[in-house]
Amino acid sequence: MSPTLALHDVHVLYGAIQAVKGISLEVRERELVALIGANGAGKTTTLRTISGLFRPRTGTIVYDDRDLTKLDAHDIVGLGVAQSPEGRQIFGSLSVRENLMLGATRRGRNADLGADLERVFALFPVLKERLGQAGGTLSGGEQQMLAMGRAMMAKPRLLLLDEPSLGLAPLMVGRIFEVIARLKAEGVTILLVEQNARKALEVADRAYVMETGHIALSGDARTLAANPDVEKAYLGGAAAAGQPAKGAARA
Amino acid sequence: MTTFGQQFINALSLGSIYALVAVGLAMVFGILRLINFAHGEVLMLGAFTAVFFGASGWSFPLVVLMTVIATAIVGVLMERIAYRPLRGAPDVTLLLTSLGVSIAVQNAAILFFGAQPRPFPTPAVLSQQIPLGGGLQISGANLVTILSALILMVLLTIFVTRTRMGAQMRATAENAMAARLMGIDVNVVIIVAFAIGSALAGVAAVLWGARVGRIEPLMGFVPVLKAFVATVIGGFGSIPGAVLGAYVLGFGEIFLVAFLPQELSSYRDAFVFTALIVILLIRPQGILGSTEPEKI
Amino acid sequence: MLGAAGLVLLALFLAYADASFTSYRLQLVSLVAINAVVAIALTVTSGYTGVFSLGQIGFFGIGAYVGALLTIAPKWKAPRVLPGLPEWLAGFDTTSWPPQLALLLACLAAGVVAAAVAVVVGLPLMRLSGHYVAVATLGFLIIVNAVLINWASVTRGARGLNQIPSHTTTWVAFAWVIVAIYAALRLRSSPYGRAMLAQRENLLAARGIGISILPTRLLAFVFGAFFTGAAGALLAHQIGAVAPTLFSFTTTFTVVIMVVLGGLGSVSGAVVGAAIMTLAPEFLREVEGGFTIGAIQVGAHHGLAQIILAVGFILVMIFRPTGLFGDRELGVAFLSRRPPNFDAQGADESLTPIVDAGVDAVPEDTRN
């Protein structure tokens, strides 16, 4: 069976900088694939290119036999690829309900979204209590839940999660990863970008390690976690000392 | 007291026209960070459309309808031809391009319509004075201006806060990248913003024509400049702010002229812009704006 | 070397023009020079600093009126004509002076007054950035216009001042161009100029290395005001009459096009832009079909010519947003090679995302 998503030799320029220098990766149906690596390795650029925010200079991104590099961002969402972006990017002045509804934009005017809302509330009960509140008034952890819930409202066949644990308190990080594991158990196909490599490798089936725009290593998540190089570079300091202070936490 | 009441009506009417123009500026600015100077030329072309259909003997409501359709088309075309190729360009490039569009359209109008002012065929009903009691009276034009602005603002509020497209518009204005990740087609949102803003400018064109009594190719500059000040007063990009700013400006102008000594009242525009500068300095985000602009 | 050769060529051209041009053409040559001074000034004010001023023409107007009031013969500015003038100025008589000395005084005084106004205006305004400074400086221009129109006891209102002696020659106009070019280039290579460029590129980094932003921007603003004011005096003594309409928003736009067309930040680009924008309407006028008067008014409406220029400008913005020269200067090195970065920039344009997403570099939370 062909993979749900396959990147082949993708190069992306960001301004004058080449952020992604020829990467290839695959995500199969019902798989949870992690993309880990240091800050600035090109992980976020990769996800944004899949979503159509950037056009690759060369290379193909095939999803369901269609080349995403030719499509606009909104059409890619329409095909069932939803993203919860880095830094959450919720609409702070819009209500929680409006944020969630916007996630379902491509499902049309008449879609029955009741069941989807209930599913999001089952994953994130706190959102139900906050429905009428402006998104900007939520705590950092709640905003992350909203961002993921909003992506779920698209009823995605492929969910892209960009740094879902970034800047969150340890307790909240644990809860977010519980939800990711639960989504995987429900059969959602996920590509997860994380700096918290230890946590990511715990939940993932397979993983790719990115370094300065390249895929440096790839393989089974458990094998990678045991790899001494990976352990030294990504699991040693990072997990113990917490995250680098990128995108400061909002309590 | 009668003078005060009369000036109050006048100010309300002037502020209403500014509001109709300012909303279009604010909508487009909110989404594209573009100060669209050519918005005044949309208004000007609307006025010429109104004169054309008015002279052809159409009834007044039909004239307004045709004007609104024409200005909406003009606004969308401007976006498509001049602004869309510049998506993502620096703010200053956008600003200068809109100045270029403004000058090009003005001169095209001079070429086609001539530079001479033309009378605006204000329907007789708008020139009537309607007594309000207590010695006050209101002209038909002022009454229509105030009422239509009120109705349109209510409709606009419903659109922005209660409809799917309204929510998409607010989302795009707040964070265009996230909006695209939601599957929102930002181009459609931008076209809708231009269409609505320009349609409102079309209404303003008719009302302005009825107020001033004549139209000419350069007529767009003053209202758009005032509307622009209104959006600054209210906070760049905030629609309610633009409306509030428009009324503040309308009242400020009318009462400055009414109560300043004669020799100073001719400095009205100087006062307006001094106030603008002071506002920019002490509260650059405007009365209702929330985002803190860059400031050194 | 190149500079000396250029000066010789310029002198030869001006001598040739003196000998064989009609007075109308000579006026055009002077206008190119006057516009070039204003464009160079705006290049410093806005190009070096990235602080976009739409108020430059306000200083042009101030300079023109100040210069004119100094040299108009006393009988034309007596109290019955201009009751608001102070007595010393009303009686100030340069009619017996050598014309070039009177003009020099007028230009310097115009420049100094404009610069002084720029200090007062710039102190608050140069704190603003981006759109806000554009709006505020536009406000300044409108205020200047309102004063010129309404302060009739000094300016004669909308009628404007006339009887200004025609002292400006092509030679003196180009002398000012050379001084302005020299000053602008010297400024750029000085620590002050480097500070201007540094804070344009990156405000935070510039502040980090100890550049104080306000004085840096203010210096550029005042520098621009001085030369623009002096150019205003040159203009007044070129056409012999000034009126508020000369210093309108349309004129501002024309000068902005000159600067942007040449490349915001390039001094030689400004000169080329000024030449194009001054001479192009003359050539385009032939398209309009034989109407040859009123060429003096920078901001006059030329119908088709203006449309062509405006559309051309929009096309430059779309296809070559850095202007013809970008930041670079015309010189031997420039002539001998292709512009650097152009390909790379062209490629960037198509790749740059629609939204200004700060990938991996900007913490997203700073946006909210």
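Above this text sits the structure in question.
How each quantity is defined
- Residues numbered from 1 in each chain as written.
- Chains lettered and ligands numbered in written order.
- Predicted model: local features only at pLDDT ≥ 70, side-chain atom pairs only at ≥ 80, totals over all residues.
- Heavy atoms only, no water.
- Pairing = 2+ DSSP bridges.
- Helix = DSSP H or I, 4+ residues; strand = E, 2+ residues; numbered from the N terminus.
- Axes fitted to C-alpha atoms, helices over the stretch in contact; angles between N-to-C directions.
- Contact = heavy atoms within 4.5 Å.
- Buried area = accessible area lost by both parts, 1.4 Å probe.
- Salt bridge = Lys/Arg side-chain N within 4 Å of Asp/Glu carboxyl O.
- Polar contact = N/O pair within 3.5 Å; in protein donor to acceptor, adjacent residues only side chain to side chain.
- Nonpolar A, V, L, I, M, F, W, Y, C, P; charged D, E, K, R; others polar.

Looking now at the sheet that holds strand E6 (residues 81-84) of chain A. Residue and element names in this part refer to chain A. With mixed pairing, the 6 strands of this open sheet are ordered in space as E6-E7-E8-E3-E9-E10. The sheet is open, and its two borders are formed by E6 and strand E10 (214-220), each paired with just one other strand. Across the sheet, the mean angle separating the axes of adjacent strands is 15 degrees when strand polarity is ignored. Across 5 bridges, strand E7 (residues 158-162) lies against strand E8 (residues 189-194) in parallel orientation. Counterpart to aspartate 162 in the pairing with E8 is valine 193. Packing of helix H7 (residues 170-185) onto the sheet brings it into contact with strand E3 (32-37), E7 and E8, and relative to E8 it is tilted by some 155 degrees.

A common measure of how large an interface is: the accessible area buried when the components associate. Across the boundary between the two partners, chain A contributes 23 residues, which contact 17 residues of chain B. Regarding the contact of chain A and chain B, the summed buried area is about 1900 Å², with carbon and sulfur atoms giving 59% of it. The interface formed by chain A and chain B holds 1 salt bridge in total. At the junction of chain A with chain B, the criterion picks out 7 residue pairs in polar contact (both at pLDDT 80 or more).

As a further point, take the interface of chain B and chain C. Counting residues at the interface gives 50 residues for chain B and 49 residues for chain C. Between chain B and chain C lies a buried interface of about 4300 Å² when both sides are counted; carbon and sulfur atoms form 81% of it. Linking chain B with chain C are 0 salt bridges, by the criterion used here. Secondary structure elements with two or more residues in the side of chain B that touches chain C: helix H3 (60-83), helix H4 (91-113), helix H8 (176-181), helix H10 (221-234) and helix H13 (268-282) of chain B. Counting residues per element, the side of chain B that touches chain C draws most heavily on H4 of chain B, at 16 residues. When the residues that make up the side of chain B that touches chain C are grouped by side-chain class, the tally is 35 nonpolar, 8 polar and 7 charged.

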